[in-house]
Amino acid sequence: MSKQAKGIFLAAVGAMMWGGSGAAAQYLFHDTPLTTNWLVAVRMLGAGIILTLISLFRNPQGVKRLLTQKWSLIQLVAFAIFGTLNSQLTYFLAIRYSNAPTATVIQYLQPVIIIIWLALVNQHWPRRIDDISVVLAILGTFLLVTGGRLGSLTLTPIALFWGLWCAVAAAIYTVMPVKLLKEFDTFAVCGLAMLIGGLIMSPELFITHVPHLTTADWGMVGYVVIFGTMAAYSMFLGSLNFISPTTTGILGAFEPLVATIIAVSFLGTKLTTAMVIGSLLILATTFLQAIPVKKNPLAK
């Protein structure tokens, strides 16, 4: 297998595992007594411990330096709270109040939010392709939320709220750790951030009784922690050793595709034609952002 083929395989399978995780969470929220906070706590603690142990095995000195330098520790804790925990919790809340396909697609508004944020911070107009991305994202969100009918909503207000917050949280998660990732191992940053977030959520494990679940239900919880989080992150990040971040980002579209197939085929989720078109328009922004465009010579 060539390096490129290996990278594509890792990125695609990692994204598919994420999609399966969203569908598994939808099943757990709708068919078991599990609470959102409990599942987030278990997911982050479990994946955080595993990824941190891997980081300690790979580069113990790097982990020590990350935790002992004042600036890196402060940024790590901030990233754990406002990036990792924020994105994990709001994503699962969006699933609870809507469904896995909708929550996953709305999360893909993240590039557009970053475009708007950078335009405001840098005080310059976005590129033409960015303008097109914003228009497509707005139109896609309108179709997804209203089903193409003015004055009606296919999502409840609380589902829309958590979905949009999830997209903002995903944008923060993407932008916030840039400096840390330049200095430290990706697995160490992600693992420790998840572990810190899981520790913050850990009181939920003591104030909530252990839910009565079947063996199959516990299997779903195990999938969310091991395959849908730890393995998915490892494979997706590992793909960057063989292919470009642009290609990896495009292959991330497998996440909503798999979440939709599983939710529609096995969980009885219904999607209208307008919602499907809206989802495709939002996902199209990811592909547009991957197109290489020369900088406008008039731009600052």
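Residues numbered from 1 in each chain as written. Predicted model: local features only at pLDDT ≥ 70, side-chain atom pairs only at ≥ 80, totals over all residues. Heavy atoms only, no water.

1. As for the side chain of threonine 104
- With respect to the helices and strands, the residue threonine 104 is situated in helix H5 (residues 100-107).
- With relative accessibility at 0%, the residue threonine 104 sits in the buried group.
- Look past the residues within four positions of threonine 104 in its chain and what remains in contact with it is Tyr91, Glu255, Pro256 and Ala259. (Helix = DSSP H or I, 4+ residues; strand = E, 2+ residues; numbered from the N terminus. Buried < 20%, exposed > 50% of the residue type's maximum accessible area, 1.4 Å probe, protein only. Contact = heavy atoms within 4.5 Å.)

2. Details of the pattern of salt bridges
- Counted according to the given criterion, the structure contains 1 salt bridge.
- The partner of arginine 58 in a salt bridge is aspartate 185, and the shortest N-O contact between them spans 2.9 Å. Remark: aspartate 185 occurs in the loop between helix H9 (178-183) and helix H10 (186-201) and arginine 58 occurs in helix H2 (residues 36-58); sequence separation between them is 127 residues.
- You can call arginine 58 partly exposed: its relative accessible area is 47%.
- On the accessibility criterion, aspartate 185 (25% relative accessible area) is partly exposed. (Salt bridge = Lys/Arg side-chain N within 4 Å of Asp/Glu carboxyl O.)

3. A word on a nonpolar patch on the surface
- The grouping of Leu67, Leu73, Val77, Ile81, Phe82, Met176 and Ile200 at the surface amounts to a nonpolar patch, some 520 Å² of accessible area in total.
- Among the elements that line the nonpolar patch, the one with the most residues is helix H4 (residues 70-97), at 4 residues.
- Turning to its location among the elements, phenylalanine 82 is positioned in helix H4. (Patch = residues over 30% accessible without salt bridge, like charges linked within 9 Å, V, L, I, M, F, W, Y side chains within 5 Å. Areas by Shrake-Rupley, 256 points an atom, 1.4 Å probe, with all protein chains shown as cover.)

4. Quick notes on H5
- Within H5, 8 of the 8 residues are buried, which leaves the element mostly enclosed by the surrounding structure.
- Of the positions making up H5, those classed as buried are Ala100, Pro101, Thr102, Ala103, Thr104, Val105, Ile106 and Gln107.
- Between the side-chain oxygen at the start of H5 and the backbone nitrogen of threonine 102 there is a gap of 2.9 Å, and the oxygen is on asparagine 99. (Polar contact = N/O pair within 3.5 Å; in protein donor to acceptor, adjacent residues only side chain to side chain.)

5. Some remarks on the packing of aromatic side chains
- What the rule picks out here adds up to 10 aromatic pairs.
- Plain terms: the ring middles of tryptophan 38 and tryptophan 218 are 6.0 Å apart, the flat faces sit at 65° to each other, and that makes the pair edge-to-face. Placement of the pair is tryptophan 38 in helix H2 and tryptophan 218 in helix H12 (residues 215-238), with a sequence separation of 180 residues.
- You can call tryptophan 38 buried: its relative accessible area is 6%.
- Judged by its relative accessible area of 36%, tryptophan 218 falls in the partly exposed class.
- Here tryptophan 71 and phenylalanine 184 contribute two aromatic rings whose centre-to-centre distance is 6.1 Å and whose plane-to-plane angle is 35°, an arrangement assigned as tilted. Here tryptophan 71 is found in helix H4, whereas its partner phenylalanine 184 is found in the loop between H9 and H10, with 113 residues between them in sequence.
- Among the residues examined, tryptophan 71 registers a relative accessible area of 29% and is labelled partly exposed.
- For phenylalanine 184, a relative accessible area of 6% puts it in the buried group.
- Joined through ring pairs, the aromatic side chains of Phe29, Tyr91 and Phe92 make up one cluster.
- One Lys or Arg, lysine 179, reaches over the ring of tryptophan 71 and ends 4.7 Å from the middle of that ring. (Phe/Tyr/Trp six-rings, centres within 6.5 Å; stacked < 30°, edge-to-face > 60°. Lys NZ or Arg CZ within 6 Å of the ring centre and 35° of its normal.)

6. Comments concerning the confidence of the model for the chain
- Per-residue pLDDT for the chain has a mean of 87; in total, 94% of the residues score no lower than 70.
- Below a pLDDT of 50 lies the segment residues 295-300, which in the model reaches 1 contact outside its immediate sequence neighbourhood of four places, other chains included. (pLDDT = per-residue confidence, 0-100.)

7. Some points on the nonpolar core
- In this structure, Met17, Leu66, Leu76, Leu180 and Val189 are the most contacted members of the largest nonpolar core, which totals 32 residues.
- If you list the elements that add at least two residues to this core, you get helix H1 (3-31), H2, helix H3 (60-68), H4, H10 and H12.
- Sorting elements by how many residues they give to this core places H10 first, with 8 residues.
- In contact with leucine 180, not counting residues within four places along its chain, are Leu66, Trp71, Ser72, Gln75, Leu76 and Val189.
- Trp38, Val40, Met44 and Val225 belong to the second largest nonpolar core, which has 25 residues in total. (Core = buried A, V, L, I, M, F, W, Y, C linked by side-chain atoms within 4.5 Å.)

8. As for H3
- Every buried residue of H3 is accounted for by Gly62, Val63 and Leu66. Take H3 and look down its axis: the buried residues cluster within an arc of 100°, on one side only. Across H3 from its buried face, at more than 90 degrees, point the exposed residues Gln61, Lys64 and Thr68.
- Each element contacted by the buried residues of H3 is listed here: H2, H4, H9 and H10. (Arc of directions from axis to C-beta.)

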